[in-house]
Structure formats: structure tokens, C-alpha cells
Amino acid sequence: MNITYILGNGFDLNFGMATRYDDFYDHYRSIDSPNDDVKKLKASINEYVEGKSSLHKKVSKDNNWEDLELALGAYTKEMVSVSEFRNDFLDINTELKKYLLEQETAFLASNPDPTGDTKKDLAQPDIYFRTRELAYISKFIKQGPNSLYIINFNYTRIIENLTGYKGKQLELGLSTRGYSTSIMNILHVHGVLSDVDLILGVNDVSQIANESFRDSDEVTELLVKPQTNDYYDSNKNNELESIIAASGIIIIFGASLGNTDLKWREAIKNRLNTNNCILILYVNEPKYILDHPHKRWDKERFFKSQFLSLLGINENENEHSKYDTRVFVGYNTNMFIPGMNEKYR
């Protein structure tokens, strides 16, 4: 069976890395700007973070990486030339790369998973569910070896470090049913820190406010992420879509899949449209205190409904029930927290 993990920044945060958008924003505004154009960009970002921007409305009360990407698309309206855009974009791209390299280097110097629990969690993602959910999930798990594919939205190689994956098939251990489980491939959707430039930007040209930029290859090859992927690797988008389309289980951990990643939301929805795929969504809210089991169940229902809405499936539609029994939420579990023996926090 093919099992696909989709990892986002929440995975790196789980291991204590300072990779929130706020972390980078605080760093970026503290360093000197090379020119007036970059100063204007930083001022615009500052207005946005403080909720005062007239260019772009915040997606949520929190500051997420999606906000930065949408804000970049909106800020193009203030730019008068392609050269100004390239100057600003390359500055923030370069500084983001430097910042994340520092974070990754510090992480790799530590011993983040001495017990090897990350491998076990990858091989046994269903151990964090109650008996009732396991009964549903087991109906979709076929007997035999499992092939794992990891689609990583992070620029860091933390998952490679934790598992020891070096580009070849890597056996992790046994599944809960006792079958071998191996990582077949790890693909970084938006590139890695060793690349020349990081892939950062919007989902499509409609998210570029300056309409005169929408037909400029010099802009879209940098700012429209699917197009940038095609520019660097013409087969990557197709490969990622093929992996999702062949998945029996899709597991999302720490990935918001916001409006700048609509392409991948659509691919997931298309796969769930079939009857032979389930989705497991892990959600962490470290500051939320669960003092009663019913609160956990309420949270699980809420995030399931929220995710289905994200896919464009509303509760009042007949198709909602089609997905409801094939989407499972693990809320505040100890998934990817080394050394924790309990299921929940």
C-alpha cells in the first residue's frame, strides 16, 4: 500500500525550531536594508502584521507563511517596474534562506530524537487513534508491505536527518499489522536550502495584484510557485500529483495548505473523490488544555469540518457524508514527539 505524508512547518516546530513566520519577520525587520525599495517592502510587511495594511487583508488572526506569500503578491501593486520586484523578492528570498540555514545548523548540532521514535511514528501512524477510529482505518489498510512517500513543504532537511534517508529506499520497521514499511522517496515541494533560490510565492497569477506583471515571465517564474517548480524541474509537479493519486492513505501533519497552495488541495480532493483512500489529519494546539474527553471530540469534529470546507465541501451538501467517514483527525497527540509513551498530550 502507498502511504503519503504531507509535512508542513508544524513538523519542524514540533522539534523546537524557530521557523514560524513571526520568527523570521522579527529577524528580517531587525537587519539593515540594502536600499530604499527593500525598506518600503519591510514597511509594508510591518503594516500587514499589525493589521493596518490597505493592500491585503490577513487570512487569520495569526501570522502564517501563507500571509507573507499573499502579501508579496498584493504588494506588487505598489511596484512600478519588474526590476524593483526582482530586487525586493531576491532580498527576502536570500535573507529567508540565511535565517533557515542557521536554524537547521543549530538543529543538526543537537540530538533531537535519540530513541528513534520518528521512524516508529512514520511506520505506525494509526497508533494514536482510539479503538473506534482504528476499526474504520483498518478497513482501508491492505495486508502486505507499505511504501511511504513524503511530500515536504519545508525547505529544511530535518526529516532526512531524523530518519537517515539518503535518496534510496529506507526500511523503517514494522507497521501495526506487522508488515515492513519503507520510505521510497522524499520530495520537497518548494525546494531545499541548498538550492540557489527558495520557491516562495503565490498559487497563480490571479494572486498578483499588479496586472501588468501577470504576463511577465521574469515575475511569474519567481512568484508563481507551480510555474517556478516547472522552471527548475519540469517533472516535479507531475511526480507529486502522481504520488497523491496513487495513495491509499494520505497523512497531513503541520501543513495548512492555504490559498497559495490551492493546486495541492485540489489534488488531495481529487484523490478523496475515489472510495479507496482515507485521510488522516494531525492537528496540534500546544496551548489548548484538554480537561475533558468531550473537548477533544469537539476539536476533532471542528477540524474535520474545517478541513472539508478548505477542500470546498460544505456541511449542507450531500457529498459531505461521502468524505466524513474517510477523514480522521488526531488532535494534540504525541505524534513526532520523541520519548513520549502516551498517545495524547
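Structural data are supplied above this passage.
These numbers were taken from a predicted model, which means no experiment stands behind them.

Scoring rules and cut-offs
Residues numbered from 1 in each chain as written. Predicted model: local features only at pLDDT ≥ 70, side-chain atom pairs only at ≥ 80, totals over all residues. Heavy atoms only, no water. Pairing = 2+ DSSP bridges. Helix = DSSP H or I, 4+ residues; strand = E, 2+ residues; numbered from the N terminus. Phe/Tyr/Trp six-rings, centres within 6.5 Å; stacked < 30°, edge-to-face > 60°. Buried < 20%, exposed > 50% of the residue type's maximum accessible area, 1.4 Å probe, protein only. Lys NZ or Arg CZ within 6 Å of the ring centre and 35° of its normal. Lys, Arg positive; Asp, Glu negative; His and termini not counted. Salt bridge = Lys/Arg side-chain N within 4 Å of Asp/Glu carboxyl O. Polar contact = N/O pair within 3.5 Å; in protein donor to acceptor, adjacent residues only side chain to side chain. Axes fitted to C-alpha atoms, helices over the stretch in contact; angles between N-to-C directions. Parallel < 35°, antiparallel > 145°, perpendicular 65-115°, else oblique. Left-handed = near helix turned anticlockwise from the far one by under 90°. Contact = heavy atoms within 4.5 Å. Nonpolar A, V, L, I, M, F, W, Y, C, P; charged D, E, K, R; others polar.

Visitor: How would you sum up the pairing of strand S3 (residues 170-174)? Please name residues and give values.
Guide: Bridge count for S3 against strand S4 (residues 180-188) is 4 bridges, and the pairing is antiparallel. Residue glycine 173 lies in a different strand from S4, and its bridge partner there is threonine 181. Linking S3 back to S4 in an antiparallel pair, the connection comprises 5 residues, with glycine 178 at a positive phi of about 90 degrees.

Visitor: I'd like a description of the packing of aromatic side chains, backed by residues and values.
Guide: This model, assessed by the stated rule, comprises 19 aromatic pairs. Relative to phenylalanine 107, the ring of phenylalanine 15 lies with its centre 6.2 Å away and its plane at 85 degrees, an arrangement referred to as edge-to-face. Within this pair, whereas phenylalanine 15 is found in the loop between helix H1 (9-14) and helix H2 (21-30), its partner phenylalanine 107 is found in helix H5 (residues 82-108), the two being separated by 92 residues in sequence. On the accessibility criterion, phenylalanine 107 (5% relative accessible area) is buried. Following the ring pairs from residue to residue traces out a cluster consisting of Tyr5, Phe11, Phe15, Phe107, Tyr128, Phe129, Phe253, Tyr282 and Phe336. When the ring centre of tryptophan 264 is taken as reference, the NZ or CZ atom of lysine 263 above it lies at 5.5 Å.

Visitor: Go over the environment of arginine 296 with me, naming the residues and quoting the values.
Guide: Looking at the element boundaries, arginine 296 is found in helix H13 (residues 293-310). Expressed as a C-alpha distance, the spacing of arginine 296 and proline 125, which sit 171 residues apart in the sequence, is 18 Å.

Visitor: Give me the lowdown on the side chain of arginine 296, citing residues and values where you can.
Guide: An unpaired buried charge is present at arginine 296: no salt bridge exists, and glutamate 300, the closest side chain of opposite charge, is 5.0 Å distant. A polar atom in the side chain of arginine 296 sits 2.4 Å from the backbone oxygen of tyrosine 331.

Visitor: How would you summarise the pairing of strand S1 (residues 2-7) if you had to cite specific residues and measurements?
Guide: The buried fraction of S1 is high, at 5 of 6 residues. One ladder, built from 6 bridges, connects S1 with strand S2 (residues 146-152); its direction is parallel. Bridge assignment links isoleucine 6 to a residue of S2, and that residue is isoleucine 151. Where S1 and strand S5 (residues 249-253) come together, 5 bridges link them in parallel fashion. Residue tyrosine 5 lies in a different strand from S5, and its bridge partner there is isoleucine 251.

Visitor: So what about the packing of H2 against H5? Which residues, and what values?
Guide: Two quantities define a packed helix pair, namely the angle between the helix axes and the distance between the axes. The contact between H2 and H5 brings their axes to 11 Å, and the two run at 115 degrees. In terms of orientation, H2 and H5 fall into the roughly perpendicular class. When the axes of H2 and H5 are compared, the crossing they make is right-handed. Here Asp23, Phe24, His27 and Tyr28 of H2 lie close against H5, whose contacting residues are Asp91, Ile92, Glu95, Leu96 and Tyr99. Residue classes in the contact of H2 with H5 are distributed as 5 nonpolar, 1 polar and 3 charged.

Visitor: Got a sec to walk through the side chain of lysine 97? Specific residues and values, please.
Guide: Along the polypeptide, lysine 97 turns up in helix H5. Within the buried set, lysine 97 has no salt-bridge partner at all; the shortest N-O distance to an opposite charge, 6.2 Å, is to aspartate 197. Within the structure, lysine 97 has its side chain in polar contact with the backbone oxygen of leucine 193 (distance 3.5 Å). Sequence-distant contacts of lysine 97, defined by excluding residues within four places in its chain, comprise Leu193, Ser194, Asp195, Val196 and Leu198.

Visitor: Run through the pattern of salt bridges, naming residues and quoting values.
Guide: Taken as a whole and assessed by the stated rule, the structure comprises 13 salt bridges. With its nearest N and O atoms 3.0 Å apart, the salt bridge here joins aspartate 261 to lysine 225. Of this pair, aspartate 261 sits in the loop between S5 and helix H12 (262-272) while lysine 225 sits in helix H10 (residues 225-232), and the two are 36 residues apart along the sequence. Of the two residues, aspartate 261 and lysine 225, both sit in the buried class.

Read these as geometric descriptors, not functional statements.
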